Amino acid sequence: MKLKHVLTLSFIFLSVLPLFLALQYLNEYTAKQHRTQVEEKLEALSFIAEKRIEAVIARIIDSNALIASRTQMRLSLVKWLELRDKLALQKVTQIIKDAKGGMTRLHNISIYDTQGNLVTSTLNQSLPTTLALPIKKALPLVKLNHTDEQLFVASLNRLMLDNHVIGYIETQFYADFVIELIQERTGLGKSGEWLFAVRNQDGDALFAVPLKYDSQAAFKRTVSKSNVQTPITQALMGNEVIMAHAPDYTGQAVLASTRYLPSLDWGIVVKMNEAEISESIKKTSIVIYLLEGIILVLAIAIGVSISVYISNPIEKLISHTNKVAKGNFDPYTNVSGLQEVKELSKHFNYMISALKDLNDNLNQKVLERTQELNSANQKLKELSIKDPLTGLFNRRHLHDVLSHELNRSTRYKSPLTLCIMDIDHFKTVNDTWGHDKGDEVLIKMAKYLQTTLRDCDTVARIGGEEFCIILPSTRVSASVGLLERIRQDISDINFDTCLEQFTVTASFGVTLCAGSKNNIDNILKQADLALYKAKSKGRNRVEVYSQSNDNNSVNS
């Protein structure tokens, strides 16, 4: 055998073969990274969707609790149930209709007695006279209802008065957020799809929305609970996992991320067909194989012509190839020999640059995804404690602040005052000037309270036109003086309309929080009773809670 043949074969064995293996490793690594990237994207999308749904459901439960907290409605309901006073029933109906008018996405409010019999509803058409769900389940209870054309989220809760159950309230909201979620397929390719299911009476997965490949599937198509290999079944089993090559409801193999909402017993799946993922990986592999073929042809051609001269540089190139395979993307700088060897080194450095760019792009995408998740978490946190209209704290966060201030007041033996403020005749503002002007009144009132109160004070919106103010280190006498000034300032605020200006007044109920002697519910009830007294005396006044308030409330 000729020397050049020996040298050529030696060159191929010592340099071209390792290069081939390195590129093969690169091809496998790229395919694995691409698949990992798709898995991370599906997992991130399902996580964000889970948090979005939980946030919306929390707001629905809060809205239900807000309506249920109306004292006059509960008092009137008891009067109807005990005395069958038709005026009391009309009062209950009017209150829930007013509540519905203040919530744009609210479909219906129904009131039931303790036996589950329908008392009244905001809908004019006939409704079932009993509850559709057993009321023995833990409350509040959230479920999906549907008609042939519309999907609703229903929230069921107890109506309490003096620690006794007097009935149940069910609110139905339009579930547009679920439909919008499954229709959003950005980043899911051609085959990507959202699945959303509940559990039927047999425990099987029941699809709650139309499917991409079955538009009539909503509340009709099921997947048996025994089919545990299907992603939607795994989701309802409570397993939040990434499933590869799992059989879909259509029988196709998919890559899926499952999520489970335990408080609702809902399952969510976001998926892509394995065939589409494989096709994407195949396209990337073709490019790498093409690059591999070009490099091998050039290497063999150079080896045949100047194998002896380039043997040393090729050995160095092999050594650098091993470094690249281990993740060191420094360019190859030890270039020597003929122009062909320099050209080969140039192509090799081009490959390293491409690998480095690919690695940098993957790291950048991971960083961007992390930032997006952090931003989504921050928005979810703000939504959970803020009122979306006024920007004030909501009722849930108010409970946390009041609990903290009660502990602080007890520890340092400092006074703590709480006030509930209600805008007088706010329904008249809405009826006369429209809900947009009513919203303007609420927003301006919130801004005034924020700028007037101290930094240590807390103000929250706890009802349609109700605000709650916590005044730390403030005695009742000082708080009454402050609230009288606020009351006067409010009556001087002008609101412009296209026809004229108008003003509003406010009533205030004040109570002293006596440290650990009172719990939060009692304190809020005391302030509410004082507010009721202010309204019964003609409104536009400040009233302080006293024991007589309780007696008057019972007599009334």
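Our structure is the block above this text.
Source: prediction; values computed, not measured.

Conventions adopted
- Each chain carries its own residue numbering, running from 1 in the direction its sequence is written.
- Confidence filtering applies because this is a predicted model: local features only for residues at pLDDT of at least 70, side-chain atom pairs given and counted only at 80 or more, and all residues used for totals across whole chains, interfaces and linings.
- To get the side-chain values, all heavy atoms of the structure are used, and hydrogens and water are removed first.
- At least two DSSP bridges between two strands are needed for those strands to be called paired.
- The way it works is that DSSP assigns letters per residue, a run of H or I at least four long becomes a helix, a run of E at least two long becomes a strand, and they are numbered from the N terminus.
- Under this scheme, a helix contributes an axis fitted over its contacting stretch, all axes are lines through C-alpha atoms, and angles between N-to-C directions fall in the 0 to 180 degree range.
- Two residues qualify as a contact provided that any one of their heavy atoms is within 4.5 Å of a heavy atom in the partner residue.
- Each pair of aromatic rings taken from Phe, Tyr and Trp, with Trp reduced to its six-membered ring, is defined by centres within 6.5 Å and is described as stacked if the planes are under 30 degrees apart, edge-to-face if over 60, and tilted in the remaining cases.
- Exposed residues in this analysis have more than 50% of their type's maximum accessible area, buried residues have under 20%, and partly exposed residues fall in between, with area computed by a 1.4 Å probe over protein chains only.
- Should the near helix be turned counterclockwise from the far one by less than a right angle, the crossing is left-handed, whereas a clockwise turn marks it as right-handed.
- Under the grouping applied here, Gly and all other residues not named as nonpolar or charged are polar, the nonpolar ones being Ala, Val, Leu, Ile, Met, Phe, Trp, Tyr, Cys and Pro and the charged ones Asp, Glu, Lys and Arg.
- Think of a salt bridge as a Lys or Arg side-chain nitrogen and an Asp or Glu carboxyl oxygen that are within 4 Å of each other.
- When an angle is under 35 degrees it counts as roughly parallel; over 145 it counts as roughly antiparallel; between 65 and 115 it counts as roughly perpendicular; any other value is oblique.
- What makes a patch is a set of residues exposed beyond 30% relative accessible area and free of salt bridges, joined within 9 Å when like-charged and within 5 Å when nonpolar (Val, Leu, Ile, Met, Phe, Trp, Tyr).
- In these tables, accessible area is a Shrake-Rupley quantity obtained with a 1.4 Å probe, and a residue counts as shielded only by the protein chains included in the view.
- In the analysis that follows, any N or O atom pair within 3.5 Å is treated as a polar contact, provided that within protein one partner can donate a hydrogen and the other can accept it, and provided that, for residues neighboring in sequence, both atoms belong to side chains.
- Each helix should span, by expectation, one fewer than its residue count multiplied by 1.5 Å.

## Points about the sheet that holds strand 2 (residues 118-121)
Part 1: With respect to topology, five strands assemble into an open sheet ordered 2-1-5-4-3, the strand pairing being antiparallel. Each end of this open sheet is capped by a strand with a single partner; those strands are strand 2 and strand 3 (141-146). Here the average twist between neighbouring strands, direction ignored, is 25°.
Part 2: Here strand 1 (residues 106-112) runs beside strand 5 (residues 164-174); their pairing, made up of six bridges, is antiparallel. Within strand 5, the position partnered with Y112 by the bridge is Y168.
Part 3: Sheet contacts for helix 2 (residues 71-83): strand 1, strand 2, strand 4 (151-161) and strand 5; angle to strand 4, the most-contacted strand, approximately 75°.
Part 4: Most of the contacts of helix 3 (residues 86-101) go to strand 1, to which it runs at about 155°, and overall it touches strand 1 and strand 2.

## Quick notes on the packing of aromatic side chains
Part 1: One pass over the full model with this rule turns up five aromatic pairs.
Part 2: Taking the centre distance of 5.4 Å and the plane angle of 45° together, the rings of F152 and Y174 count as tilted. Taken together, the positions of F152 in strand 4 and Y174 in strand 5 put the pair 22 residues apart, joining distant regions of the chain.
Part 3: Accessibility expressed as a relative area gives 6% for F152, which makes it buried.
Part 4: According to the relative accessible area criterion, Y174 is partly exposed, its value standing at 26%.
Part 5: Ring geometry for F196 and W266: centres 5.3 Å apart, planes at 70°, overall edge-to-face. On the criterion of sequence distance, the pair formed by F196 in strand 6 (residues 193-199) and W266 in strand 11 (residues 266-273) is long-range, its members being 70 residues apart.

## Quick notes on unusual backbone geometry
Part 1: Even without glycine at this site, H245 takes up a positive phi of about 55°.
Part 2: Its identity as a non-glycine residue notwithstanding, S473 has a phi of 55°, on the positive side.
Part 3: Here S473 lies in the loop between strand 14 (466-472) and helix 11 (476-492).

## Focus on the packing of helix 10 (residues 435-452) against helix 11
Part 1: Remark: helix 10 packs on helix 11, axes separated minimally by 12 Å, with the N-to-C direction vectors making an angle of 145°. Crossing of helix 10 over helix 11 shows right-handed handedness. Along its contact with helix 10, which presents M445, Y448, L449 and T452, the element helix 11 presents R485, I486, D489 and I490.
Part 2: Tallied by class, residues from the contact of helix 10 with helix 11 come to five nonpolar, one polar and two charged.

## Topic: the pattern of salt bridges
Part 1: In total, this model carries 25 salt bridges according to the counting rule given.
Part 2: Its salt-bridge partner being D85, residue K79 comes within 3.6 Å of it at the nearest N-O pair.
Part 3: Note on D85: relative accessible area 21%, which makes it partly exposed.
Part 4: A salt bridge links R221 to D214, with the shortest nitrogen-to-oxygen separation between them at 3.1 Å.
Part 5: A cluster of three or more residues bridged by salt bridges with shared partners is formed by K533, K537, R541 and E543.

## Describing the packing of helix 2 against helix 3
Part 1: Between helix 2 and helix 3, whose axes approach to 8 Å, the crossing angle comes to 150°. By the angle class used here, helix 2 and helix 3 are roughly antiparallel. Read as a crossing pair, helix 2 and helix 3 show a hand that is left-handed. The residues of helix 3 that touch helix 2, namely those facing Q72, M73, S76, L77, K79 and W80, are K86, A88, L89, K91, V92, I95 and I96.
Part 2: Its residues assigned to classes, the contact of helix 2 with helix 3 shows eight nonpolar, two polar and three charged.

## Details of the sheet that holds strand 6
Part 1: Read across the open sheet, the six strands follow the order 8-7-6-11-10-9; overall the sheet is antiparallel. Two strands lie at the open edges of the sheet, namely strand 8 (222-223) and strand 9 (242-247), each paired on one side alone.
Part 2: Across five bridges, strand 6 lies against strand 11 in antiparallel orientation. Looking at the pairing, W194 lines up with V270 of strand 11.

## Here we look at a nonpolar patch on the surface
Part 1: Residues F13, L14, L17, F20 and L21 make up a contiguous nonpolar surface patch of roughly 480 Å² in combined accessible area.
Part 2: Take L14: it is sitting in helix 1 (residues 3-68).

## Notes on the pairing of strand 6
Part 1: Among the seven residues that make up strand 6, six are buried, leaving the element largely enclosed by the rest of the structure.
Part 2: With antiparallel pairing between neighbouring strands as the criterion, strand 6 and strand 7 (residues 205-207) make up a hairpin whose turn holds five residues, including G203 at a positive phi of roughly 90°.

## Things to note about the side chain of D424
Part 1: Structurally, D424 can be placed in the loop between strand 12 (416-423) and helix 9 (426-433).
Part 2: Side-chain polar atoms of D424 contact the side chain of S507, separated by 2.7 Å.
Part 3: Ignoring any residue separated from it by four or fewer positions in sequence, one finds D424 in contact with T505, A506, S507, K535, R539 and N540.

## Details of helix 10
Part 1: In this model, helix 10 (18 residues) spans 25 Å end to end at C-alpha, consistent with the 26 Å of a helix rising 1.5 Å per residue.
Part 2: Taken together, the buried positions of helix 10 are occupied by K437, G438, V441, L442, M445, A446, Y448 and L449.

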